[in-house]
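Below are the chains, spelled out letter by letter.
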Amino acid sequence: MKRSASFLALLTLSSLGHALSGQVQDANGKPLAGATIELLGSQQTATTDSLGNFKLNVDDSQVDEVHINAPGYSHETLHLHGEHRGTLTVKLYRSVIEQVDVTAVPLHISVMESAQPVTVVAGENLRRKQASTLGETLKNEVGVHSSYFGPVASSPIIRGLNGPRVLITQNGLDVSDASRVGPDHVVSTEASTAEQIEILRGPATLFYGSGAIGGVINIVDDRVPSSSEERGAFAIGHNSVADENEASFAYTGGTEQFAVHIDGFKRDGNNYEIPGAAALEEEHDHEDEHEEEHEEGRDGVLENSASESKGFNIGGSWLLDNGYVGLSYGRLERLNGIPGHSHAHEEEEHEGEEEHEEHEEDVAVQSDLVQDRWQLISELSLDTPLLSGINTRIGYTDYEHKEIEGGEVGTIFRNETLQARVDLLMQEMAGWRGAVSVEVTHSDFEAIGEEAFTPPAKTESYAIALMEEKHIGDVLVQLGARVEQVSIKADPIEWEDHHAEDEADSHTLQHFDDMEFTPISLSAGLVWEFTPGYNAGISLTHAQRAPSAAELFSYGPHIGSGAFEVGAVFDLHAGDHPHFHYHDDVTEEVSNNIDLSLRKHSGNIAWVLNFFYNEIDDFYYQQSIGYSSGDISGHDHEEEAGGEEEHEHGHDDFPVYVFQQADATLYGVEAQLAWQLASPLKLTLMADTTRGKLKDGGNLPRIPPARLGGELRYALNGWNAAFGMSRYFEQDRVAELETTTGAYTLMDAELAYTFAGLGDTRNGDVTVYVKGSNLSDEEARVHSSFLKDQAPLPGRNISIGLRGSF
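Each chain carries its own residue numbering, running from 1 in the direction its sequence is written. In keeping with the predicted nature of the model, local features appear solely for residues at pLDDT of at least 70, side-chain atom pairs appear and are counted solely at 80 or more, and the whole-chain, interface and lining totals rest on all residues. Side-chain numbers here rest on the full set of heavy atoms in the structure, without hydrogens or water.

Caption draft 1: Expanded view of the overall build of the chain. The helix and strand labels rest on DSSP assignments: H or I over at least four residues marks a helix, E over at least two residues marks a strand, and numbering proceeds from the N terminus. Looking only at helices and strands, one finds 5 helices and 50 strands in the chain. To sort residues, take the accessible area from a 1.4 Å probe on protein chains only and compare it with the maximum for the residue type: under 20% means buried, over 50% means exposed, and anything in between is partly exposed. Taking all 806 residues of the chain together, the buried fraction comes to 54%. The contact definition used throughout considers only heavy atoms, calling two residues in contact when any of these lie within 4.5 Å. Looking at the chain alone, contacts between residues at least 24 apart form 68% of all its contacts between residues at least 6 apart. The Shrake-Rupley method, run with a 1.4 Å probe, gives the accessible areas here. Residue values count only the displayed protein chains as cover. For the chain, the accessible area works out to roughly 33,800 Å², and carbon and sulfur atoms hold 51% of it.

And the structure:
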């Protein structure tokens, strides 16, 4: 497909069945060592030697498509179709934008070869950006922001969409936690042991179903190893803003027939330091000097933001001539505070005493998470008239987290999920290459306790998808379709209606109808390399999404988010006694999205420009309605076993947020530029903006602001230094009852030195680094965060550490 690379058949073999061999060169004709050659539909790969030569013991007359890539170069794809035999000469051209293959989809794509915008963060770039949460790790990627529920829980937001619309996967399987239910819930995956993180921006329902209507974040690690090549990595670090220490390691090795992998990490940090006060507007009682002093004493620290976490993965694979079959087990544990939710309790002396003495006690709200995860992964090449391969992924996850208040367990969230997906890779027919994907998922989610804001629910889904692609000259055509069957069954809920005249009628039991949805997704895309080093892409997607159980059936106080959440199956009846009634008139969310991309991917200057426009009918969104939970008739105020009623925890003051459906439009622009100013000096710029509107008027809530960022990096003789700035503009396009958020600028810097060539392997190295973030100690608040008025971003932070690989 690519004109940017040329190949020349130097020898014509006299017979069929010779090995595929050749040489990879750079643009000046010099041999290129370390390039990787992959055969599509085969597990065989090769790496060029010091003279740029490679050889694969495969019948070259059966080779259809060859992929050649090397770090710092544009990818090359050769379409041989068994016609070109002999020794190949392939040229690769420099690229200042990293081009990494994507594993998240069954068909082969890379960052520059997809009709849909894709970002991959891998290798040393990932190590530099790695943070304690997934949202903070990816928040500086183009088109991606963070929900930022304090530094302890942050999920990625893609083009203004998050929650149940952005699927988080581990090696292609849903992480199956509770992070899609509430912004205070941690994403149960770890970036420190990941090899790469893939971001599919825009609807990815074709590959992953309706839960990916906004995009996919796929974390790739080696817990199920595909080879026994010995490799390892380690890292230790410390930061000043939370006095946090962390360490991680990973190792893969084995024999010719078996591969083993083990990795682990541990992280422990205190409350984060912040510039000034946590609350955006401090409300002091000037008649109570003790109260004022107590509040001011908290300046400079984000209370209840400490966390500690640890985890490990162990796996093994049986290596076959045509692939591998492997199994892994992983465990993740995390205990963290939930910022913005320390409650002050007042206690009085016994009745009859002359004076009543008051004192305050901070009751921290914490989340205690444990997850056990099993994965079976198999990738096998086949040589049948119909199939070229079969990839199987099966995952079982047992997830639990407890919300603890004052040392007592208030609510327990559990999610038990079994998921299986089989991708059948088809042989090329009439130039078309494709895959059929079959997927089954069963999820049993429940919340138990005094603040179980969503009832227990079982969700089952069955899906089949077809994906096809064909190269027609310089154009790659990508087509696909997917149909699902989703069923949701929720348990009934009970509440107490304080406005009922008869006490016997005050308790009601609300039953829910079983919900059935049939989301359908269609996609078509083109990638056209209209001139060497440049391509253009267009992607059209029609996607439907079944709502989640929490979006439908929630009804109760969610202590973590500090809101009384009401699902879409409830209608508000306002008046002197506002209350909700049940209805079953809900439907799928329907998205019609167009993506346009223009890319320059070779030379000393490379850039990517994306435009997207997304019309979503019956869009589910969470909106404040101006009431507090104490105003609403029909929610539970029963006295708990501990003897304290809800209102004593302040839950009657929770604002009421209701899931509503309305037609909406989201559109925006994303831009990236990389410029190699000189051999050691590289400038990177990025910008993005998303506009979210309701078609009937008004704005969608919590849409991230426009952003502009840049980094200047110097790398020479083992030294690596960088300085970066990010400007977040004011967000004044806000929804009803939503407040504006001011602009801010963040400055970062890094200095590192790498000792290369350590150990017995040529790739062994150790890097010592020091880096600083928010160097100006600026107060910054994240508009997309539910806690923006209570939890600013961390203040000035200095991190030091050591990382290495072998």
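Caption draft 2: Looking closely at empty space enclosed by the protein. Here a cavity denotes a set of grid points, spaced 1 Å apart and computed over the protein atoms alone, in which a 1.4 Å probe fits but from which it cannot get out, and a pocket denotes an open set meeting protein on both sides within 12 Å along at least five of seven lines; residues with an atom within 4 Å of a point are reported as lining. Grid points are joined across faces, edges and corners, and a volume is the space filled by probe spheres set on the points. Here the structure, examined in full by the defined rule, presents 9 cavities of 30 Å³ or more. What the largest cavity holds in volume is close to 840 Å³. Surrounding the largest cavity, 42 residues form its lining, Asp174, Gly211, Ser443, Thr459 and Ser548 being those nearest its centre. Those elements that provide at least two residues to the lining of the largest cavity are β14 (166-170), β29 (408-426), β30 (432-449), β31 (457-472), β32 (475-490) and α5 (549-553). The dominant element in the lining of the largest cavity, judged by the number of residues it contributes, is β31, at 6 residues. In terms of residue class, the lining of the largest cavity is built from 19 nonpolar, 15 polar and 8 charged. In this structure, the second largest cavity spans a volume of roughly 510 Å³. When residues are sorted by character, Ala, Val, Leu, Ile, Met, Phe, Trp, Tyr, Cys and Pro go into the nonpolar class, Asp, Glu, Lys and Arg into the charged class, and all the rest, Gly among them, into the polar class.

Caption draft 3: Broad picture of the pattern of salt bridges. Whenever a carboxyl oxygen of Asp or Glu lies within 4 Å of a side-chain nitrogen of Lys or Arg, that contact is scored as a salt bridge. One pass over the full model with this rule turns up 31 salt bridges. Of the charged contacts in the structure, one is a salt bridge between lysine 310 and glutamate 333, with a shortest N-O distance of 3.9 Å. Placement of lysine 310 in strand β23 (residues 307-320) and of glutamate 333 in strand β24 (residues 323-337) is noted, with a sequence separation of 23 residues between them. A relative accessible area of 41% places lysine 310 in the partly exposed class. Note that glutamate 446 and arginine 414 form a salt bridge whose closest N and O atoms lie 3.5 Å from each other.

Caption draft 4: A look at the environment of leucine 708. With respect to the helices and strands, the residue leucine 708 is situated in strand β46 (residues 707-716). Once residues within four sequence positions are removed from consideration, leucine 708 is found in contact with Met686, Ala687, Met725, Ser726, Arg727 and Phe729.

Caption draft 5: Molecular detail of the side chain of serine 328. As for its position among the elements, serine 328 is in strand β24. Setting aside residues up to four positions removed in sequence, serine 328 forms contacts with Arg223, Val224, Ile314, Gly315, Arg373, Trp374 and Gln375.

Caption draft 6: Up close: the pairing of β31. Examined bridge by bridge, β30 and β31 share 14 bridges and lie antiparallel to one another. Each bridged residue has a counterpart across the sheet, and for alanine 435 the counterpart in β31 is methionine 467. As paired elements, β31 and β32 share 16 bridges and run antiparallel to each other. Residue pairing across strands places histidine 471 opposite leucine 476, the latter belonging to β32. Strand pairing requires that DSSP identify at least two bridges connecting the strands. Here β31 folds back onto β32 in antiparallel fashion, the turn holding 2 residues, of which glycine 473 has a positive phi close to 65°.

Caption draft 7: Representation of the sheet that holds strand β11 (residues 118-122) within the structure. Taken in spatial order, the 5 strands of this open sheet run β11-β16-β17-β14-β15, and their pairing is mixed. Each edge of the sheet is formed by a strand with only one pairing partner; in this case those strands are β11 and β15 (173-174). As paired strands, β14 and β15 are joined by 2 bridges and run antiparallel to one another. Bridging from a neighbouring strand, threonine 169 pairs with aspartate 174 of β15.

Don't take any of this as a statement about function, it's just geometry.
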